[in-house]
Amino acid sequence: MAAFPYFPHTDQDVRAMLDRIGAGSLDDLYADVPRDVVFKGEYDLPDAMSEQEVRDYFDSLDRKDPRLKVFVGQGAYDHYTPAVVPYITSRSEFLTAYTPYQAEISQGTLRYIFEYQSMVCSLTGLDVSNASMYDGPTAAAEAVKMAPSCTKKKTRVLVSRTLLPNVIRTIETYSLYHGIELGYISAMEGTTCPHHMKEELAKGDVAGVIVPSVNRYGIIEDLSGFADAIHAEGGIFIEYCDPSALAVLKTPAEWGADIAVGDGQSLGIPLCFGGPYVGFMACRKEFLRKLPGRIVGQTTDTEGRRVYCLTLQAREQHIRREKATSNICSNESLMALFVTVYASLMGPAGLKEVNDRSCAGAHYLYEELLKTGKFEPVFDKPFLKEFVLKPLVDAEALQRKLAEGGFFAALPTEDGYVTFCVTEKRTKAETDALVALVKEA
């Protein structure tokens, strides 16, 4: 009989192990631990609860979290998630699936990863996608790591100051510990300054440049001429994207980008205290061998049937010390499935409608906020669902007032502005209620 009902070892098992190592008791295993640091009291454990009592207890904890209407983006967007998506992703064959190295028993997992890659390629217009990454910022950092290896003798990567701050900080962390030198492209009237970029490119040591498609201010950047300027100096062009917005904006391929990265969270993954999210990375076929993570390919078996397998990368390339590429495994493929189910349900027409509604709602809120006299416009540039304004009242006090009224909005930025975002989930009534609170500020 085991000493504790949930421990697998019986008293006889424990005695046999102690005898094997020459210890008289379990306490002898900790003889080197000073006695004055050993806890000798009774554990302060709560009384046992029934299943219903446990559920009620955790429900009471859940009710302590405020339920705010989200009017902020900054890389995490409150888009609607169809009910069937969490249902499918919670099925046991997906939820417990491990890394599919054994292709003969993992065809289902390999198939949905292949479909995920195909959808990423459709959205970006690029040739190949890997099998998902941790999140958008780390995907951006991985792309920056790729740049020197793709261009050999060049060592520096230029980072646009209009990228989201958390993306820049993640790139800086990865680059510091991989010996990559960074340069920065300044912002001009809210967008990446092409003149400053060309000045930096002219120095001749730039391996790559990373710029956003939709930037930290919500502005849709005009990337005309970027690819030509970067390629003329032998660098690669990396674009950071919101994949949901790619349903209505120019694709990275159309801008001439070599690598596209971003966060797939906007494709139906709900906001959940910061994660889990899923990064994506796609590139032109000439950089295929430099991609981190895994790639699933489609082929045929000896009987001519369609099958899937991990392809073009050996497991050993992930363990070659400083020459290794990152190995992102099964934890992210579940989120890739989430994105795949969402995108397949929405389709091109559904994604366009999401953007149409978000855009209409954001422009309505923008105009109504300016009418309150509490803000000034900052940039006269096109935006989709997110924008910034200059507050004429105390920004932190405004944010607190809105939170007390049930809204997460008017998030202060590092630039002294406040940021707002509207998705298809936000109704006109909610927007009008937010504006009414602003008028009282």
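Residues numbered from 1 in each chain as written. Predicted model: local features only at pLDDT ≥ 70, side-chain atom pairs only at ≥ 80, totals over all residues. Heavy atoms only, no water.

Draft legend 1. Here's a closer look at the packing of helix α6 (residues 136-151) against helix α7 (residues 165-176). At a minimum axis distance of 8 Å, the contact between α6 and α7 shows a crossing angle of 45 degrees. The orientation of α6 with respect to α7, classified from their angle, is oblique. Pair α6 / α7 crosses with right-handed handedness. Residues Pro137, Thr138, Ala140, Ala141, Glu142, Val144 and Lys145 of α6 touch α7, and the partners they reach there are Asn166, Val167, Thr170, Ile171, Tyr174 and Ser175. Across the contact of α6 with α7, the residue classes break down as seven nonpolar, four polar and two charged. (Axes fitted to C-alpha atoms, helices over the stretch in contact; angles between N-to-C directions. Helix = DSSP H or I, 4+ residues; strand = E, 2+ residues; numbered from the N terminus. Parallel < 35°, antiparallel > 145°, perpendicular 65-115°, else oblique. Left-handed = near helix turned anticlockwise from the far one by under 90°. Contact = heavy atoms within 4.5 Å. Nonpolar A, V, L, I, M, F, W, Y, C, P; charged D, E, K, R; others polar.)

Draft legend 2. Structural context of the sheet that holds strand β17 (residues 418-421). Taken together, four strands build an open sheet; the order of strands is β13-β14-β17-β16 and the sheet is antiparallel. Strand pairing shows two members of the sheet lacking a second neighbour, β13 (375-377) and β16 (411-412), which therefore form its edges. Where β13 and strand β14 (residues 386-391) come together, three bridges link them in antiparallel fashion. The residue of β14 that forms the bridge with Pro377 is Leu389. (Pairing = 2+ DSSP bridges.)

Draft legend 3. Focus on the environment of Val14. Locating Val14 in the fold gives a position in helix α1 (residues 11-21). For the pair Val14 and Glu221, spaced 207 residues apart in sequence, the C-alpha to C-alpha distance is 66 Å. Those residues in contact with Val14, other than ones at most four positions away along the chain, are His9 and Leu26.

Draft legend 4. Inspection of empty space enclosed by the protein at higher detail. Evaluation of the coordinates by the stated rule reveals three cavities of 30 Å³ or more. Computed from the structure, the largest cavity encloses a volume of approximately 210 Å³. Around the largest cavity, the lining is made up of 18 residues, and of these Gly75, Tyr77, Leu164, Val214 and Asp242 lie nearest the centre. Counted by class, the lining of the largest cavity contains eight nonpolar, five polar and five charged residues. (1 Å grid on protein atoms, 1.4 Å probe; cavity = no way out; pocket = protein on both sides within 12 Å on 5 of 7 lines; lining within 4 Å. Points joined across faces, edges and corners; volume = space filled by probe spheres on them.)

Draft legend 5. Highlighting unusual backbone geometry. Of note, the bond from Gly275 into Pro276 is cis; its omega dihedral lies within 30 degrees of zero at 0 degrees. Mapped onto the elements of the fold, Pro276 is located in the loop between β9 (259-263) and β10 (279-283). A positive phi is found at Ala410, a non-glycine position, where the angle reads about 55 degrees. If you trace the backbone, Ala410 turns up in the loop between β15 (407-408) and β16. A relative accessible area of 0% means that Ala410 is categorised as buried. (Buried < 20%, exposed > 50% of the residue type's maximum accessible area, 1.4 Å probe, protein only.)

Draft legend 6. Structural detail: the packing of aromatic side chains. Enumeration over the complete set of coordinates arrives at 14 aromatic pairs. Taken together, a centroid distance of 5.8 Å and an interplanar angle of 65 degrees make the contact between Phe71 and Phe407 edge-to-face. Of this pair, Phe71 sits in the loop between β1 (69-70) and α3 (84-89) while Phe407 sits in strand β15, and the two are 336 residues apart along the sequence. As far as the burial class goes, Phe71 and Phe407 line up, both buried. Taken together, a centroid distance of 5.2 Å and an interplanar angle of 50 degrees make the contact between Tyr366 and Phe383 tilted. Taken together, the residues Tyr366 in helix α11 (residues 330-371) and Phe383 in the loop between β13 and β14 connect sequence positions 17 residues apart. For Tyr366, a relative accessible area of 12% puts it in the buried group. Under the relative-accessibility criterion, Phe383 is labelled buried at 11%. Counting every residue linked through ring pairs, the aromatic cluster contains Tyr366, Phe375, Phe383, Phe387 and Phe420. (Phe/Tyr/Trp six-rings, centres within 6.5 Å; stacked < 30°, edge-to-face > 60°.)

Draft legend 7. Main features of the pattern of salt bridges. Under the definition given, this model contains 23 salt bridges. Where Asp432 meets Lys428, a salt bridge forms, and the shortest distance between an N and an O atom there is 2.9 Å. Taken together, the residues Asp432 and Lys428, both in helix α13 (residues 428-440) and four residues apart, mark about one turn of the helix. Via salt bridges that share partners, Asp78, Lys425, Arg426 and Glu430 belong to a single interconnected network. (Salt bridge = Lys/Arg side-chain N within 4 Å of Asp/Glu carboxyl O.)

Draft legend 8. Representation of the pairing of strand β12 (residues 306-310) within the structure. Summarising the sheet, strand β11 (residues 296-300) and β12 pair through five bridges and their orientation is antiparallel. Paired with Gln298 across the bridge in β12 is Tyr308. Between β11 and β12, which follow one another and run antiparallel, lie five residues, and Gly304 among them has a positive phi close to 80 degrees.

Draft legend 9. Structural context of the sheet that holds strand β7 (residues 206-212). If you trace the seven strands from one edge of the open sheet to the other, you get β2-β10-β9-β8-β7-β3-β4, paired in mixed fashion. Bordering the open sheet on either side are β2 (128-129) and β4 (181-185), each of which pairs with just one other strand. Pairing of β7 with strand β8 (residues 236-241), which is carried by five bridges, proceeds in the parallel orientation. Following the sheet pairing, Val209 is matched in β8 by Phe237. Together, β3 (156-160), β4, β7 and β8 form the strand contacts of α7, whose direction differs from that of β4 by roughly 155 degrees.

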